[in-house]
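Chain by chain, the residues:
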Amino acid sequence: MNELIQKATILLESNSVQVVIGYGKGSANRTRAIFITQAADCEKLIFDSRCIQNLAVYLTKQEIKKLGKPAIVAPIPVLRSIVQLAAENQIAENDLVVLGVTPESELVEFESFAAIETFLSTHRIEIEGKYQKTIEMIKSMPVSERFAYWVKELEPCFKCYACRSACPLCYCTRCTVENNQPQWISVASHPLGNLEWHVMRAMHLAGRCTDCEACYNACPMGIPIHLLTKSMLQDVAENFGTYGPSLDKLNALSSFKPDDKESFIR
Amino acid sequence: MSKIGVFICHCGENISSTVDVVRVAEETGKLEGVEFSTDYKYMCSDPGQTIIKQTIKEKGLTGVVVAACSPRMHEPTFRKACQEAGLNPYMCEMSNLREHCSWVHDKSEATTQKAIDLVRTLVEKVKLNKPLYPIKVPVTKTALVLGGGIAGIQASLDIANAGHKVILVEKDPSIGGHMSQLSETFPTLDCSQCILTPRMVEVAQHPNITLWTYAELEKLEGFIGNFKATIRKKAKSIDENICNGCGHCTTKCPTKKIPSEFNTGLGTRTAIYVPFPQAVPNKPVIDKDNCTYYQKGKCKICEKLCPTGAIRFDQQDELVELEVGAVVIATGFNVMQPSGFPEYGYGKYKDVITGLQFERLASASGPTLGEIRRPSDGKIPEKIVFVACAGSRDPAKGIPYCSKICCMYTAKHAMLYQHKVHGGKSYIFYMDIRAAGKNYEEFVRRAIVDDEVNYIRGRVSKVYEENGKLIVKGVDTLLNAKPVEIEADMVVLASAAVANPGAEELAQKMHVSYDSYNFFSEAHPKLKPVETNTAGIFLAGACQAPKDIPETVSQASGAASKVIILFSQNELSREPVVAVVNRSAPPVYSTCVGCFMCASACPYQAIGEELITDRKGNVIKRVAKVNPGLCQGCGTCVAFCRSKSIDIDGYSNEQMYSEVMALLNND
Ligand SMILES: Cc1cc2nc3c(=O)[nH]c(=O)nc-3n(C[C@H](O)[C@H](O)[C@H](O)COP(=O)(O)OP(=O)(O)OC[C@H]3O[C@@H](n4cnc5c(N)ncnc54)[C@H](O)[C@@H]3O)c2cc1C
Ligand code: SF4
Ligand code: SF4
């Protein structure tokens, strides 16, 4: 992607940004996030189908913020996260340059966050058929069976919190699990504690998750935790009619609309 | 170390008859941190309170648990007692052994055990209680009254006469509301205008009242004592300071055929108009939607005629911001157009009219100058049928409630008809006669006995026209459902009183609740009939439910007195049970990440933002901030905040958790 390298070089040379967050070569045949501060290093930037990490996670990290104004290489999942982070007041339009990349690997620039939102309206989140089937299968289980299913699925979790670190929306300074006065969520990785942690994580993403799958990709044990958030995405859509990120600040769970169905209140 | 006193009340026998109170005192006395425990017959009595006070002083208690009735009942009593003994009142908690235990269970070991558990949870909570201090907020001593019907007029006059400033906002060009449209009023038959217009004038002339007609509330922010209201003053196209109300303009306006709202469509008005001769203020407005100039760009006849040059075609709506301490909602009601009832033929036959239209016919200032004449041909009806409950008490059509005023005004209408049309015959179809009110039953009797009005108990099934007559078909249920048919000249429908079309939107703007019929809800149906659930906003008149003038006026004076009580203080004390966003040591400063989702979750708009700065004024962090004047302590934000950065004073996460754990760790 020469165009990307050129653009990044110009941005750094003109001092329009101080750091470019992008993808570079990783170990084995993988790619990893790189943070380029010198124009000369821009040729290290790559972009191909292996670049699946959600770089938006770095936008809220103190260490990266210290480097100055960033430009970010942003394929669709990153764009979605940017919109959600903006709606949650975590990033400001003037403090960021977005180097969008279309599914056809073309570079797109955006004048505003609103322009990203418009662009995304033609690239809607879709839950793949195979996931749909699994979710339906789980939902059709009787409660006790479903409980047992998740206890078992989550059993390998040893609470490394990689999922949390990879999620661009887990930007809290102090996560609920670290709150020990009182200790709402048990830190031990016993079956019930694991369940508590993952249910809480999914609930905290209700109406916010943009389905980037970064959590699942990060999990060293390969636990399908993204099923929880995908299912949540569908539930939110059914109950509140919102699907995917939007700049309006009316998050599904924190806002009331007179036409909310409220079918869960009986 | 905590030194907690536990005081168990027998509540006469209310608690002690099913709970072994002596054992509860004994067992809870053994809990860690409990210094003293006892039981007594009436804890709330003077000797009871003295036990608490003395123990606080003698034992140096740091916290108190009173296990008795509902905190709704006596929490203030016991907190005050603690305060008098030198303990911060918020170090005292009440456990409800009556409603939560003794009243709902039989006498048994389990009941006593539950009582012990209930007390134990609060002992654990009190250990974590912190002294709290009432929040002081200033009071702006100006009231905003919305709606200039009799309710708004009465409330404004009362508040103004107590020496406070009032801003009265009325959406129409004149104040007066429905009462100005009425002819005579039950139960005394005094002329409505005669008793109302002097008050309208008093409002206009009162030095403490600022009257804004043709104006509406745009936005309301803030909280009790400190509201900020934005009012839209709609363009009247007139400079009111110059206009002397001579009325020349209205005589020559070429657009003359606009149905007059005041005369309920039974008369017409011009595009530049004063709604009725006694209007206050008595100055015209231009109805832009019907004015030839505004619609077609040509005319301006009024401008040429006006001797003072007061016409302003370029006038724009004006938005004015106001600071007020209290709001009285007095926006009244509306009369349902009974077109949803095809059986009555309203809208199809000209001589089927509503009760409000009848008022205009019977009114000396009305289109017929008080003579009862049919709208179709101006003939005086020889036979007239009144249909009560035309829409009310009809769940199938969505209005199950009773409109309350119709029985009385229908009796009044029939009576007025009999007085005005000698030899005429009047019939009233009714379901029940509801005449509960001072002199009301006597009034109805007079209609039946003295004026020979024919009351027929039953419903009307159909009204249709035949040979210039309206055939009214119904049944008389007192005569074994015998069919009745009356050849009438005119039919009057007592159509239901309903909420104003904009009521729901208005309620949402002000964050007050409303019922399923869009009438505004009082805070408590018995004990707080003029308060809303939002402190500082009060209700008066028919906006809360259909009501007649005496009831409206009483409620308006009630609302006014609540405002005056509020304004009698320079500062308000508020319960300090409010949310707070945490603070922590640098470099974190607060665990709040400034997502502001709590702000949209808060039903009271209590959450704003705060910038944490360093000594040089550089912004380090942007976090949420709760306005303690607005916060109602509902806890919605606490449940919402993912990072648990927000907590309620007096009901913190830690305190709640300790209560739950006290129950779970019970062995
Ligand atoms: C046919 C009929 C006959 C009646 N006869 C009698 C009788 O004989 N005796 C008796 O005691 N009662 C009678 N009543 C009842 C009486 O009309 C009411 O009790 C009384 O009008 C209620 O007064 P109010 O001020 O609450 O409401 P309203 O009279 O409805 O006044 C409300 C005012 O608020 C204004 N307003 C509405 N919305 C807004 C807004 N958003 N912003 C600003 N202003 C607004 C309206 O324009 C109006 O001026 C009768 C009612 C009817 C329908
Ligand atoms: S208090 Fe919680 S919900 Fe509110 S802005 Fe801060 S982090 Fe977000
Ligand atoms: S406790 Fe309720 S009223 Fe107070 S700030 Fe939180 S949500 Fe708003």
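Residues numbered from 1 in each chain as written. Chains lettered and ligands numbered in written order. Predicted model: local features only at pLDDT ≥ 70, side-chain atom pairs only at ≥ 80, totals over all residues. Heavy atoms only, no water.

Considering the overall build of chain B
Secondary structure assignment for chain B yields 18 helices and 34 strands. When the backbone C-alpha atoms are referred to their principal axes, chain B occupies close to 90 × 75 × 40 Å. When each of the 667 residues of chain B is scored for burial, the buried share is 52%. Considering only residue pairs separated by 6 or more positions, chain B has 68% of its internal contacts joining residues 24 or more positions apart. Accessible surface computed for chain B: about 29800 Å², of which carbon and sulfur atoms make up 52%. One way to put it: in chain B the 76 positive side-chain charges average out to a point 4 Å from where the 73 negative ones average out. (Helix = DSSP H or I, 4+ residues; strand = E, 2+ residues; numbered from the N terminus. Buried < 20%, exposed > 50% of the residue type's maximum accessible area, 1.4 Å probe, protein only. Contact = heavy atoms within 4.5 Å. Areas by Shrake-Rupley, 256 points an atom, 1.4 Å probe, with all protein chains shown as cover. Lys, Arg positive; Asp, Glu negative; His and termini not counted. Charge placed at Lys NZ, Arg CZ, Asp CG, Glu CD.)

Re the overall build of chain A
When you go through chain A residue by residue, the secondary structure sums to ten helices and five strands. Relative to the 2.2 N^0.38 estimate, which gives 18 Å for 266 residues, the radius of gyration of chain A is 20 Å and therefore close to what a compact globule would have. When its C-alpha atoms are laid out on the principal axes, chain A stretches across 60 × 45 × 40 Å. Looking at chain A as a whole, 48% of its 266 residues are labelled buried. Between the centroid of the 27 positive side chains of chain A and the centroid of its 30 negative side chains there is a distance of 6 Å. (Rg over C-alpha atoms; globule rule 2.2 N^0.38 Å.)

Examining the packing of helix α1 (residues 21–29) of chain B against helix α5 (residues 109–128) of chain B
Residue and element names in this part refer to chain B. At a closest axis distance of 9 Å, the pairing of α1 and α5 adopts a crossing angle of 40°. Here α1 is positioned oblique relative to α5, judged by the angle of their axes. Between α1 and α5 the crossing geometry is right-handed. On the side of α1, the interface is formed by R23, V24, E27 and T28, while α5 contributes E109, T112, Q113, A115, I116 and V119. In the contact of α1 with α5, the residues fall into four nonpolar, three polar and three charged. (Axes fitted to C-alpha atoms, helices over the stretch in contact; angles between N-to-C directions. Parallel < 35°, antiparallel > 145°, perpendicular 65-115°, else oblique. Left-handed = near helix turned anticlockwise from the far one by under 90°. Nonpolar A, V, L, I, M, F, W, Y, C, P; charged D, E, K, R; others polar.)

Focus: the domain arrangement of chain A
Residue and element names in this part refer to chain A. For chain A, the assigned domains are domain 1 (2–120) and domain 2 (129–265). Between domain 1 and domain 2, the C-alpha centre-to-centre distance is 26 Å. Residue-level contacts link 20 residues of domain 1 with 17 residues of domain 2. Between domain 1 and domain 2 the total buried area reaches about 1500 Å² when both faces are included, carbon and sulfur atoms providing 58% of it. Applying the counting criterion to the domain 1 and domain 2 interface returns one salt bridge. (Domains from an automatic or database assignment. Buried area = accessible area lost by both parts, 1.4 Å probe. Salt bridge = Lys/Arg side-chain N within 4 Å of Asp/Glu carboxyl O.)

Here's the deal with empty space enclosed by the protein
Residue and element names in this part refer to chain A. Taken as a whole and assessed by the stated rule, the structure comprises ten cavities of 30 Å³ or more. Surrounding the largest cavity, 16 residues form its lining, C167, C209, C212, E213 and C215 being those nearest its centre. Residue assignment for the lining of the largest cavity shows that the elements contributing at least two residues are α9 (214–218) and α10 (226–240). Among the elements that make up the lining of the largest cavity, the one with the highest residue count is α10 (three residues). Among the residues forming the lining of the largest cavity, the class breakdown is eight nonpolar, four polar and four charged. (1 Å grid on protein atoms, 1.4 Å probe; cavity = no way out; pocket = protein on both sides within 12 Å on 5 of 7 lines; lining within 4 Å. Points joined across faces, edges and corners; volume = space filled by probe spheres on them.)

Structural notes on the pattern of salt bridges
Residue and element names in this part refer to chain B. Summed over all chains, the structure comprises 43 salt bridges over all chains. We note a salt bridge from E218 to R232, for which the minimum N-O separation is 3.0 Å. Placement of E218 in strand β11 (residues 215–223) and of R232 in strand β12 (residues 226–233) is noted, with a sequence separation of 14 residues between them. For D377, the salt bridge identified is with R374, shortest N-O distance 3.1 Å. On the accessibility criterion, D377 (39% relative accessible area) is partly exposed. With a relative accessible area of 9%, R374 lands in the buried category.

Focus: the sheet that holds strand β27 (residues 490–495) of chain B
All names here are of chain B. The strand order across the open sheet formed by five strands is β20-β27-β21-β22-β23, and the pairing between neighbours is parallel. Because the sheet does not close on itself, it has two edges, and the strands there are β20 (352–354) and β23 (454–457). Within the sheet, the average angular offset between the axes of one strand and its neighbour, ignoring direction, is 25°. Note: strand β21 (residues 383–390) against strand β22 (residues 425–430), five bridges, orientation parallel. Opposite V387, over in β22, you have F429 as the bridge partner. (Pairing = 2+ DSSP bridges.)

Regarding the sheet that holds strand β17 (residues 318–324) of chain B
Whether parallel or antiparallel, the strands of a sheet pair through hydrogen bonds between backbone atoms. Residues and elements named next belong to chain B. Read across the sheet, three strands follow the order β11-β12-β17 without closing on themselves; strand pairing throughout is antiparallel. Unpaired on one side and paired on the other, β11 and β17 mark the two borders of the sheet. The mean inter-strand angle of the sheet, taken between neighbouring strand axes irrespective of direction, is 20°. As judged from the eight bridges shared by β11 and β12, these two strands associate in the antiparallel manner. When the sheet's bridge partners are listed, E216 is paired in β12 with R232.

Side note on the site of ligand 2
In the region of ligand 2, the neighbouring residues are B:C592, B:V593, B:G594, B:C595, B:F596, B:C598, B:A624, B:C641 and B:S643. Grouping the amino acids of the shell around ligand 2 by side-chain chemistry returns seven nonpolar, two polar and no charged. (Near = heavy atom within 4 Å.)

So, the interface of chain A and chain B
Taken together, the 22 residues of chain A in the interface contact 21 residues of chain B. It is A:R174, A:W184 and A:S254 that lose the most area in chain A upon contact with chain B, and together they represent 29% of the buried surface on that side. Remark: the boundary between chain A and chain B carries zero salt bridges. Our enumeration of links across chain A and chain B arrives at ten residue pairs in polar contact (both at pLDDT 80 or more). Split by residue class, the side of chain A that touches chain B holds six nonpolar, twelve polar and four charged. (Polar contact = N/O pair within 3.5 Å; in protein donor to acceptor, adjacent residues only side chain to side chain.)

Quick word on unusual backbone geometry
Here the residue pair A:Q181 and A:P182 is connected by a cis peptide bond, since its omega of 0° sits within 30 degrees of zero. Turning to its location among the elements, A:P182 is positioned in the loop between α7 (162–166) and α8 (191–204). Between B:V280 and B:P281 the backbone carries a cis peptide bond, its omega angle lying at 0°. With respect to the helices and strands, the residue B:P281 is situated in the loop between β15 (272–273) and β16 (285–286). Backbone geometry places B:K300, a non-glycine residue, at a positive phi of 55°. Assignment of secondary structure puts B:K300 in the loop between α9 (292–296) and α10 (301–305). For B:N467, which is not glycine, the phi dihedral falls at a positive 50°. Topologically, B:N467 is positioned in the loop between β24 (460–466) and β25 (469–476). For B:N467, a relative accessible area of 77% gives the class exposed.

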